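A structural walkthrough
One-letter residues, chain by chain:
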Amino acid sequence: MREILSNLKQGLLQKLLLLFLVSLLGFFGTAIAGYSPVYAATLEETKLIPPEYKPTPEEKIERAYEYSEATGRMEEAKQARTNSNRNFDPNLKANIKNIDAQAQEGKTSLKDKTKGLLEKIAK
């Protein structure tokens, strides 16, 4: 009888200890998640930089070097590229217009070259 009671007592203590540890783990998990960094700016911080402020390329490079040297180098390379301020627009059909303009000027255009290659392949 004593063995049965001691086994029940030991099993109950193990279950309570397990429940306590699981709840402790859950508590610390939520506590750590609650202290994650917040990147939202306060109202005072947003008023410091006016929305119409556009930094110059030199200011962008200086700010990039403040993060790290690699970021600064990447910003310099970006500034060195041509048309770095113009974003890519997939709806822009400037290349097709240039090809058509070359064809109208009498130059051999890319269209004509590809047509010739396709005809050679098809034969």
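Residues numbered from 1 in each chain as written. Predicted model: local features only at pLDDT ≥ 70, side-chain atom pairs only at ≥ 80, totals over all residues. Heavy atoms only, no water.

Turning our attention to the environment of Glu69. Within the fold, Glu69 resides in helix 4 (residues 69–80). Reaching out from Glu69, the side chain makes a polar contact with the side chain of Arg73 at a distance of 2.6 Å. (Helix = DSSP H or I, 4+ residues; strand = E, 2+ residues; numbered from the N terminus. Polar contact = N/O pair within 3.5 Å; in protein donor to acceptor, adjacent residues only side chain to side chain.)

This part covers a negative patch on the surface. Together, Glu58, Glu59, Glu62 and Glu66 give the surface a local cluster of negative charge. Considering the arrangement of structural elements, one finds Glu58 in helix 3 (residues 57–67). The exposure class assigned to Glu58 is exposed, which follows from its relative accessible area of 54%. (Patch = residues over 30% accessible without salt bridge, like charges linked within 9 Å, V, L, I, M, F, W, Y side chains within 5 Å. Areas by Shrake-Rupley, 256 points an atom, 1.4 Å probe, with all protein chains shown as cover. Salt bridge = Lys/Arg side-chain N within 4 Å of Asp/Glu carboxyl O. Lys, Arg positive; Asp, Glu negative; His and termini not counted. Charge placed at Lys NZ, Arg CZ, Asp CG, Glu CD. Buried < 20%, exposed > 50% of the residue type's maximum accessible area, 1.4 Å probe, protein only.)

Turning our eyes to something else, we now look at the packing of helix 3 against helix 4. Look at helix 3 against helix 4: their axes get within 5 Å of each other, and the N-to-C directions meet at 155°. The angle between helix 3 and helix 4 places the two elements in the roughly antiparallel class. With respect to the hand of their crossing, helix 3 and helix 4 are arranged in right-handed fashion. Between helix 3 and helix 4, the residues in contact are Pro57, Lys60, Ile61, Ala64, Tyr65 and Tyr67 and Glu69, Thr71, Gly72, Arg73, Glu75, Glu76 and Gln79, respectively. Residues that form the contact of helix 3 with helix 4 fall into these classes: 5 nonpolar, 3 polar and 5 charged. (Axes fitted to C-alpha atoms, helices over the stretch in contact; angles between N-to-C directions. Parallel < 35°, antiparallel > 145°, perpendicular 65-115°, else oblique. Left-handed = near helix turned anticlockwise from the far one by under 90°. Contact = heavy atoms within 4.5 Å. Nonpolar A, V, L, I, M, F, W, Y, C, P; charged D, E, K, R; others polar.)

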